[in-house]
Amino acid sequence: MNNYPNDYPNNAIKQAPDNIPPKKNRGSFLSGFASGALLTLLIACCVYTGVRFYHIYQMRAEKERAEAEKEPDSVVNDNTMGKLQVIEETIAKYYYEEDVDQEALTDGLYNGMIAALGDPYSTYYTQEDLESLMQQTEGVYYGIGAYVGMDTQTGLAHISGVIDDTPAQEAGLRDGDVIYMVDKEPMQGLELSEVVANIKGLEGTKVHLTIYREGERDYLEFDVERKKIESPTVKHEMFENGTGYIQITEFDDVTVDQFSEALAVLRGQGMKGLILDLRANPGGNLSAVVEIARQLLPKGLIVYTEDRDGNRTEYSCDGSKKFDQPLIVLINGYSASASEILAGAIKDYGIGELIGTKTFGKGIVQRVISLSDGTALKLTVSSYFTPKGNNIHGIGVEPDEVYEFDGDRYYDEGYDNQLEHAIDVMAGKVERTQG
């Protein structure tokens, strides 16, 4: 029997079993309860804080991962610059040839960026390339006297025209000859400007061309001397029955005055109808073809262009010099770009008849953009449309009369069957206008 304090009432006093510890007092209980609650709260806070920090960490990691995976707004960034440095160091350490042309590597970077556009008409020009281009568009250069075009499907350059009384004509080069090698170096995969640069050179030197010609069993080899070529882009002649003939081989800066002079001479000789020969004309300056069109077309649109944002630029004429005599235009598969602008406008207005074969189909416009270091970019900036809104890119301009060219007869006999046919057609037109 245990004795309890006398202040507890007797009915509240009970004997506890011997195996149960005696109860603590009320103050100790409350203190313990408060301590437990505080500890529980502290643990909960720690757990919440940990979960919160982990959530923030996950969100940050996801954001960084997304940023890393997102394509940069510019290809010139820390990653690409760092990789270029690694590539350069790797070349310096492992490349077999010790003497690496650093300037060529630098130009290769710029060329590679433009080439990645996948556009055969966009090009990077070094200072030398740009100077050569300016000479070409001016109509004076040192070369062999042949126009060179590019077949975008095969990626091979070809002779698109031969200038009379030049080394190219004397050597026997022909329209359509595919340029396989220049000085034993393959030309496959090179830009048109690079092929042309390889053909051109110092006056009096020779260039060796390896040519593929359709119908020949093997490649043809030519040694052609380079000379100063003053490119006559316009040739004119008066045939019988007052049939005038003007051939435009390219639209350069000098072409407008040459065409104006030829047209004036033929009119002075009593021209009654005109055959305009645009065969094998690869194009040239937009401004040149527009000025020539203003000497032929009625009042209205000549051509209009649209850029990627839909901005439209129109080129028009006032019709004050509209050609009012019978007109025939000769075209073929090598008539491209600016020559298609002129042929397409003549066809849309119905002022002339197109004879030959379908044109090349280059309906896009390039612009040369000069850079501060003397280099330049030629970029495709817009598409062009004929007056009726036709975009002929990849399509070409269809002739009113399909008349195939007899190459064998031309090169064997010097007989131009397309031109002779046009002369016959023109004779009928002149006779009807006079009758």
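Our subject is the structure listed above.
Just so it is clear, the structure is predicted and the values come from calculations on it, not from any experiment. (Residues numbered from 1 in each chain as written. Predicted model: local features only at pLDDT ≥ 70, side-chain atom pairs only at ≥ 80, totals over all residues. Heavy atoms only, no water.)

Enquirer: Help me understand the pattern of salt bridges in this model?
Expert: Oppositely charged side chains are able to pair whenever their charged atoms sit close together. Per the counting criterion, the structure on display carries 8 salt bridges. Between Arg409 and Glu413 there is a salt bridge whose closest N-O contact spans 3.3 Å. Linking Arg409 with Glu413, this pair stays in helix H10 (residues 407–413), spanning 4 residues, or about one helical turn. A relative accessible area of 35% places Arg409 in the partly exposed class. Residue classification places Glu413 among the exposed residues on the basis of a relative accessible area of 59%. (Salt bridge = Lys/Arg side-chain N within 4 Å of Asp/Glu carboxyl O. Helix = DSSP H or I, 4+ residues; strand = E, 2+ residues; numbered from the N terminus. Buried < 20%, exposed > 50% of the residue type's maximum accessible area, 1.4 Å probe, protein only.)

Enquirer: What am I meant to see in the side chain of Thr357 here?
Expert: For Thr357, the position within the fold is in the loop between strand E16 (353–356) and strand E17 (364–370). Apart from residues lying up to four places away in sequence, Thr357 is in contact with Ile331, Asn332, Gly333, Pro399, Tyr403 and Glu404. (Contact = heavy atoms within 4.5 Å.)

Enquirer: Teacher, can you tell me more about the packing of helix H8 (residues 286–293) against helix H9 (residues 338–349) here?
Expert: Geometrically, a packed helix pair is captured by the angle between its two axes and the distance between the axes. Relative orientation of the contacting elements H8 and H9 amounts to 25 degrees, with a least axis distance of 9 Å. When the interaxial angle is binned, H8 and H9 end up roughly parallel. Helix-helix and strand crossings are classified by hand; for H8 and H9 the assignment is right-handed. Between H8 and H9, the residues in contact are Leu286, Val289, Ile292 and Ala293 and Ala338, Ile341 and Leu342, respectively. Considering only residue class, the contact of H8 with H9 consists of 7 nonpolar, no polar and no charged. (Axes fitted to C-alpha atoms, helices over the stretch in contact; angles between N-to-C directions. Parallel < 35°, antiparallel > 145°, perpendicular 65-115°, else oblique. Left-handed = near helix turned anticlockwise from the far one by under 90°. Nonpolar A, V, L, I, M, F, W, Y, C, P; charged D, E, K, R; others polar.)

Enquirer: How should I be thinking about the environment of Gln102 in this particular structure?
Expert: Here Gln102 is to be found in helix H3 (residues 102–115). Distance from Gln102 to Glu88, taken between C-alpha atoms, is 9.9 Å for residues 14 residues apart in sequence.

Enquirer: When you look at the packing of aromatic side chains in this model, what are you seeing that I'm missing?
Expert: Each aromatic ring pair is characterised by the separation of its centres together with the angle its planes make. Counted by the stated rule, this structure contains 6 aromatic pairs. Residues Tyr110 and Tyr124 carry aromatic rings whose centres are separated by 5.3 Å and whose planes lie at 55 degrees to one another, so their mutual orientation is tilted. On the criterion of sequence distance, the pair formed by Tyr110 in helix H3 and Tyr124 in strand E1 (residues 123–125) is long-range, its members being 14 residues apart. Among the residues examined, Tyr124 registers a relative accessible area of 4% and is labelled buried. Plain terms: the ring middles of Tyr304 and Phe385 are 5.0 Å apart, the flat faces sit at 10 degrees to each other, and that makes the pair stacked. Here Phe385 lies in strand E18 (residues 376–385) and Tyr304 lies in strand E13 (residues 300–306), a separation of 81 residues in the sequence. You'll find Tyr304 and Phe385 in the same group, each marked buried. Here the aromatic cluster, defined as three or more aromatic residues joined through ring pairs, consists of Phe405, Tyr410 and Tyr411. Positioned over the ring face of Tyr121 is Lys362, at 4.7 Å from the centre of the ring. The lysine or arginine in question, Arg409, covers the ring of Tyr415, its NZ or CZ lying 3.8 Å from the ring centre. (Phe/Tyr/Trp six-rings, centres within 6.5 Å; stacked < 30°, edge-to-face > 60°. Lys NZ or Arg CZ within 6 Å of the ring centre and 35° of its normal.)

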